[in-house]
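Per-entry structural report
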Amino acid sequence: MSLKDLLAARIRQSGPISVADYMADCLMHPEHGYYATRDPLGVAGDFTTAPEISQMFGELIGLALAQTWLDQDRLAPFSLAELGPGRGTLMADALRAAARVPGFAEAARLVLVEASPVLRAAQATALESHSPVWANSLGDLPDRPLFLIANEFFDALPLRQFERGDTGWRERRIGLDGDSLIFGLGGETEVPALTHRLEDTRPGDLVELCPAGLAIAAEAGRRIARQGGAALIIDYGDWRSLGDTLQAVQGHKPVGVLDDPGEADLTAHVDFEALALAAAEPGGAYSRLTPQGVFLERLGITQRAQALAAAHGGSSQAEVAAAHRRLTHPAEMGNLFKVLGLFPQGAAPPPGLNT
Ligand code: SAH
């Protein structure tokens, strides 16, 4: 039975499902889930991420975290954790660059939060020499300082969508028309988590809420505020998002969200304001948001690109220049992608973030 048949049977039995339930099954169903059953990254896969474009990305993130660790007086031991590490490329590049900072690698305990067995296997190969351990959530980590990386992780978490009514919200649901999956709306209800959105929306507007992302940001903020450390959360999105940003991608091309459940990547833009507020919950972490292009320029990506090009020469010079452009140019990833830094009150923010 295909995932579409399983979803249709479920809807026939107990009624329409939320967008979050649909996303969760499409991405992580143990037999049919998109991430659970394949490595989707790279040219041959469905999409390419920043660390797969160039080693410069992971190197600069690694150096930014190592500098933050120095600024916080070399806390030891600490958890060096990544959420959704993909193939482990970013972390391998980060650790290679941070090896120049004496004591950092020795104090780090590497923890990878990954749900996909296929990607856990890829990470085990890429990071073998760093003895990683895997966890199902941040809550499973021991109480220690936390230095955390998440690139294109929050965009893959199941989110709920709501259409603004006169006084409340109607949740967008997925039901059936014959054998086809279709979008519909539930009845109007109050949604306490969206009360502040009554200010900037009008009836008919659509807003998104990512309960899983908020819970993870709150956990990270609490740990960083209490034990020390920092987080660098990189993703596409805005300070406050409005409208339907759910999208499906297959073979590097956009496809319909309901077309082929489990066979396409499903993501949504990240609402960084919501993450920052969750991370700041009483006694939580401070935050700063900066566009990716500005962040990488401040960390010296141009100098690093020049050094790499000089070392390799020939056709790889053009490759390095193209990667630099893709990661930083405002018309490519430079502006759409943002970096949210979390850090304890009174500590210096990670380098590269706006004041
Ligand atoms: N950070 C990597 C991969 C991004 S793809 C990169 O930049 O290349 C999203 C990653 O998050 C994958 O590793 C996927 O398996 C993982 N992931 C998605 N949802 C998850 C969840 N709920 N729990 C743990 N990992 C998850």
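As the structure is a computational prediction, the values presented were derived from the model and not from experiment. Note on numbering: residues in each chain are counted from 1, in written sequence order. The model is predicted, so local features are restricted to residues of pLDDT at least 70 and side-chain atom pairs to those at 80 or more, both for listing and for counting; the totals for chains, interfaces and linings are taken over all residues. Computation of side-chain values covers all heavy atoms of the structure but excludes hydrogens and water.

1. Considering helix 8 (residues 211–227)
Residues spaced three or four apart along an α-helix point in a common direction, a consequence of the helix completing one turn every 3.6 residues. What counts as a helix is a DSSP run of H or I of at least four residues, what counts as a strand is a run of E of at least two, and both are numbered from the N terminus. Helix span, expected: 1.5 Å multiplied by one less than the number of residues in the helix. Here helix 8 contains 17 residues, and its C-alpha end-to-end distance of 24 Å stays within 8% of the 24 Å for a straight helix at 1.5 Å per residue. Three or more residues of helix 8 are buried, namely Gly213, Ala217, Ala218, Glu219, Ala220, Gly221, Arg223 and Ile224. Every residue pair with non-hydrogen atoms within 4.5 Å of one another is taken to be in contact. On its buried side, helix 8 packs onto strand 5 (146–151), strand 10 (229–238), helix 9 (272–279) and strand 16 (337–343). Just past helix 8, the residue glycine 228 takes up positive phi, approximately 95°. Only protein chains enter the area calculation, which uses a 1.4 Å probe; residues under 20% of their type maximum are buried, those over 50% are exposed, and those in between are partly exposed.

2. A look at the pairing of strand 3 (residues 108–113)
By the criterion of burial, strand 3 is predominantly enclosed, with 5 of the 6 residues buried. Note: strand 2 (residues 78–83) against strand 3, 6 bridges, orientation parallel. Of the residues in strand 3, the one forming a bridge with leucine 83 is valine 113. One requirement defines pairing of two strands: DSSP has to find at least two bridges between them. Sheet topology places strand 3 next to strand 4 (residues 133–135); 3 bridges connect them, and they run parallel. Across the sheet, valine 113 pairs through a bridge with alanine 135, a residue of strand 4. Consider the strands pointing away from the viewer: the crossover is right-handed when the path from the first strand over the helix to the second runs clockwise. What joins strand 3 to strand 4 is helix 7 (residues 117–126), and the crossover it makes is right-handed.

3. What about the sheet that holds strand 11 (residues 247–250)?
Taken together, 3 strands build an open sheet; the order of strands is 12-11-13 and the sheet is antiparallel. Strands with a single pairing partner mark the edges of an open sheet, and in this sheet they are strand 12 (253–255) and strand 13 (265–267). When the angles between neighbouring strand axes are averaged without regard to direction, this sheet yields 40°. Fitted lines through C-alpha atoms serve as axes, helices being fitted only where they are in contact, and the angles separating the N-to-C directions of these axes extend from 0 to 180 degrees.

4. Quick word on the packing of helix 11 (residues 301–312) against helix 12 (residues 315–328)
Think of two packed helices as two axes; the pair is described by the angle between the axes and how far apart they sit. Viewed as axis vectors pointing N to C, helix 11 and helix 12 meet at an angle of 165°, and their least axial separation amounts to 8 Å. In terms of their interaxial angle, helix 11 and helix 12 are classed as roughly antiparallel. With respect to the hand of their crossing, helix 11 and helix 12 are arranged in right-handed fashion. Mapping the contact onto sequence places Ile301, Thr302, Ala305, Leu308, Ala309 and His312 in helix 11 and Ser316, Gln317, Val320, His324, Leu327 and Thr328 in helix 12. Three categories are distinguished: nonpolar for Ala, Val, Leu, Ile, Met, Phe, Trp, Tyr, Cys and Pro, charged for Asp, Glu, Lys and Arg, and polar for the others, with Gly belonging to the last. Its residues assigned to classes, the contact of helix 11 with helix 12 comprises 6 nonpolar, 6 polar and no charged. Any angle that is under 35 degrees is reported as roughly parallel, and any over 145 degrees as roughly antiparallel; angles of 65 to 115 degrees are reported as roughly perpendicular and all others as oblique. Take the far helix as your reference; a near helix turned counterclockwise from it by less than a right angle gives a left-handed crossing, and one turned clockwise gives a right-handed crossing.

5. Observations regarding helix 2 (residues 19–28)
Burial runs high along helix 2: 7 of the 10 residues are buried. By the burial criterion, the buried members of helix 2 are Val19, Ala20, Tyr22, Met23, Asp25, Cys26 and Leu27. Tucked inside the fold, the buried residues of helix 2 contact helix 1 (3–14), strand 1 (17–18), strand 6 (160–164), strand 7 (169–177), strand 8 (180–189) and strand 13.

6. Focus on the environment of leucine 112
Considering the arrangement of structural elements, one finds leucine 112 in strand 3. Sequence separation between leucine 112 and methionine 91 is 21 residues, and the spatial gap between their C-alpha atoms is 9.5 Å.

7. Quick word on the nonpolar core
Put simply, buried Ala, Val, Leu, Ile, Met, Phe, Trp, Tyr and Cys residues joined by side-chain atoms within 4.5 Å make one nonpolar core. Residues Tyr22, Phe154 and Leu342 are the most contacted members of the largest nonpolar core, which totals 54 residues. Once residues within four sequence positions are removed from consideration, tyrosine 22 is found in contact with Leu7, Ile17, Ile174, Leu181, Val257, Leu258, Pro261 and Leu266. One finds Leu80, Ile149, Tyr236 and Phe337 within the second-largest nonpolar core, a separate group that totals 43 residues.

8. So, the packing of aromatic side chains
Remark: the centre distance and the inter-plane angle together describe each pair of aromatic rings, the angle taken between the planes. In summary, the pairing rule links any two rings of Phe, Tyr or Trp, Trp by its six-membered ring, whose centres are within 6.5 Å, and it sorts them by plane angle into stacked for under 30 degrees, edge-to-face for over 60 and tilted for everything else. For the structure on display, the rule yields 8 aromatic pairs. Ring geometry for phenylalanine 78 versus phenylalanine 104: centroids 5.1 Å apart, planes at 45°, classification tilted. Linking phenylalanine 78 in strand 2 with phenylalanine 104 in helix 6 (residues 104–107), this pair joins segments that are 26 residues apart in sequence. For phenylalanine 78, a relative accessible area of 0% translates into the label buried. Judged by relative accessible area, phenylalanine 104 falls into the buried class, the value being 2%. Ring geometry for tyrosine 236 versus phenylalanine 337: centroids 5.1 Å apart, planes at 75°, classification edge-to-face.

9. Quick word on the site of the ligand
Any residue with a non-hydrogen atom lying within 4 Å of a molecule or strand is treated as near it. In the region of the ligand, 17 residues are neighbours, and Thr49, Gly84, Gly86, Glu114 and Asn151 sit closest. Here threonine 49 contributes a side-chain N or O atom positioned 2.5 Å from an oxygen atom of the ligand. Think of a polar contact as two N or O atoms within 3.5 Å of one another; within protein, one of them needs to be a possible hydrogen donor and the other a possible acceptor, and neighboring residues in sequence only count if both atoms come from side chains. Between the ligand and glycine 86 there is a distance of 3.1 Å, counted from an oxygen atom to a backbone nitrogen or oxygen. For the ligand, whose accessible area on its own is 570 Å², the fraction buried by protein is 92%. Under the convention used here, a 1.4 Å probe and the Shrake-Rupley method define accessible areas, while residue burial counts only the protein chains that appear.

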